Amino acid sequence: MKIALIGYGKMGRMIEEIALQRGHEIVCKIDVNNPQDFDSPEFASADVAIEFTNPTAAYSNYLKAFKHNVKIVSGSTGWMTDHKSEVEALTKDGKQTLFWASNFSIGVAIFSAVNRYLAKIMNNFPQYDVEMEETHHVHKLDAPSGTAITLAEELIENIDRKAEWVKGFQHNADGTEEGSNEVADNQLAIASIRRDEVPGIHSISYDSEADKITITHDAHSRKGFALGAVLAAEYTKEHTGLLTTSDLFKF
């Protein structure tokens, strides 16, 4: 199929490599230097655009693609706080199509399924308190990560004693530290660590006086994310509306 890339950083280049390996064609590459190419015939010819940029640009990029009725796969996080309702309205009844996920890794999709299952079990064992930690490279702008927020929301849906997630301990990219995991009993603390070039580590711990249970997903590289994004694009070409990994991976 014909793919347009919105964002041509490390992820964009890896997505290009995998898409070409899988027999697809890259018809357009848009980055900060050529935003005018959203209005090019090459972009309009794309079956799907894959978008990995940043929280401030994502929603605007969706609108530019929808203007040309180009379907989008996006891994940008942080935009939902301000624009979730608008995107839901735009994609209602399949008018426009957005496949959005906070994380496209197949391993994270499996990890998410394990997280939901474990949370259902732990709902019956209130002696265990639960907290989460995510670690990413120093270039990541948002904290907690979109993946951590998604995992936290899934957990809260299944554990009655947790009502909301809150920012916990933060180790910032500049080495400064703030916050604490000492939170109210009905809150889930998410600690965020920014260091080195870590692709992404997410850990969820259940701690009691007797023992501790921890599940962890540790990404070795961005390759798993890039492959998942291309698989999502292949799925999106044949589907419409607001899509996510639970549509692609039926766990």
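Residues numbered from 1 in each chain as written. Predicted model: local features only at pLDDT ≥ 70, side-chain atom pairs only at ≥ 80, totals over all residues. Heavy atoms only, no water.

## A word on the pairing of strand 6 (residues 129–136)
Looking along a regular strand, one sees the side chains alternate between the two faces of the sheet.
Part 1: Two strands pair when backbone bridges link them, and strand 6 and strand 10 (residues 201–207) are joined in this way by 7 bridges, in the antiparallel orientation. By the bridge assignment, Met-132 is partnered in strand 10 with Ile-204.
Part 2: Sheet analysis places strand 6 next to strand 9 (residues 187–194), joined by 5 bridges and oriented parallel. Bridging across to strand 9, Met-132 finds its partner in Ile-190. (Pairing = 2+ DSSP bridges. Helix = DSSP H or I, 4+ residues; strand = E, 2+ residues; numbered from the N terminus.)

## Structural notes on the sheet that holds strand 11 (residues 212–218)
Note on sheets: strands pair through backbone hydrogen bonds, and any given pair is parallel or antiparallel.
Part 1: The 6 strands lie next to each other as 8-7-9-6-10-11, forming an open sheet whose pairing is mixed. Looking at which strands have only one partner, the edges of the open sheet turn out to be strand 8 (177–178) and strand 11.
Part 2: Contacts between helix 5 (residues 106–122) and the sheet are confined to strand 10 and strand 11, with strand 11 contributing the most and set at about 165° to the helix. (Contact = heavy atoms within 4.5 Å. Axes fitted to C-alpha atoms, helices over the stretch in contact; angles between N-to-C directions.)

## Observations concerning the side chain of Lys-140
Part 1: Structurally, the position occupied by Lys-140 is in the loop between strand 6 and helix 6 (146–158).
Part 2: Within polar-contact distance, the side chain of Lys-140 engages the side chain of Asp-142 at 3.1 Å.
Part 3: Those residues in contact with Lys-140 that sit more than four places away from it in its chain are Thr-77, Ser-145 and Arg-194. (Polar contact = N/O pair within 3.5 Å; in protein donor to acceptor, adjacent residues only side chain to side chain.)

## Points about the pattern of salt bridges
Part 1: As enumerated under the stated definition, the model contains 10 salt bridges in all.
Part 2: Between Lys-67 and Asp-39 there is a salt bridge; the shortest N-O distance is 3.3 Å. With Lys-67 in helix 3 (residues 58–67) and Asp-39 in the loop between strand 2 (25–30) and helix 2 (41–44), this residue pair connects regions lying 28 residues apart in the sequence.
Part 3: A salt bridge links Asp-142 to Lys-140, with the shortest nitrogen-to-oxygen separation between them at 3.1 Å. (Salt bridge = Lys/Arg side-chain N within 4 Å of Asp/Glu carboxyl O.)

## Looking at the sheet that holds strand 3 (residues 48–51)
Part 1: Taken in spatial order, the 6 strands make up an open sheet running 2-1-3-4-5-12, and their pairing is parallel. If you trace the sheet from one side to the other, it starts and ends with strand 2 and strand 12 (242–243), each paired once.
Part 2: Strand contacts of helix 3: strand 1 (2–6), strand 3, strand 4 (71–74) and strand 5 (98–100), with the helix running at about 160° to strand 4, the strand carrying the most contacts.

## Structural notes on the nonpolar core
Part 1: One finds Ile-15, Ile-50, Val-73, Phe-99 and Phe-104 to be the most contacted residues of the largest nonpolar core, which totals 25 residues.
Part 2: With 7 residues, helix 7 (residues 223–236) is the single largest residue contributor to this core.
Part 3: Listed in part, the 20 residues of the second largest apolar core include Ile-30, Phe-38, Phe-66 and Trp-100. (Core = buried A, V, L, I, M, F, W, Y, C linked by side-chain atoms within 4.5 Å. Buried < 20%, exposed > 50% of the residue type's maximum accessible area, 1.4 Å probe, protein only.)

## Section: helix 6
Part 1: In a regular helix each residue adds 1.5 Å, so 13 residues correspond to 18 Å; helix 6 covers 19 Å between its end C-alpha atoms and thus fits that length.
Part 2: Those residues of helix 6 that fall on the buried side of the exposure criterion are Gly-146, Thr-147, Ala-148, Leu-151, Ala-152, Glu-154, Leu-155, Ile-156 and Asn-158.
Part 3: Those residues of helix 6 that are buried lie in contact with helix 5, strand 6, strand 7 (164–171), strand 9 and strand 10. (Expected span 1.5 Å × (residues − 1).)

## Quick word on the pairing of strand 2
Part 1: Here strand 1 runs beside strand 2; their pairing, made up of 5 bridges, is parallel. Across the sheet, the residue bridging to Ala-4 is Cys-28, located in strand 2.
Part 2: Assessed by its sense of winding, the connection that carries the chain from strand 1 through helix 1 (residues 10–21) to strand 2 is right-handed. (Right-handed = clockwise from strand over helix to strand, strands pointing away.)

## Comments concerning unusual backbone geometry
Part 1: Of note, the amide linkage connecting Ala-143 to Pro-144 takes the cis form, showing an omega dihedral of 0°.
Part 2: With respect to the helices, strands and loops of the structure, Pro-144 is situated in the loop between strand 6 and helix 6.
Part 3: Phi is positive for Asn-69, which is not a glycine, with a value near 55°.
Part 4: Within the fold, Asn-69 resides in the loop between helix 3 and strand 4.
Part 5: In this model, Asp-196 sits at a positive phi of 50°, which is unusual for a non-glycine residue.
Part 6: With respect to the element layout, Asp-196 can be found in the loop between strand 9 and strand 10.
Part 7: Classification of Asp-196 as exposed rests on a relative accessible area of 52%.

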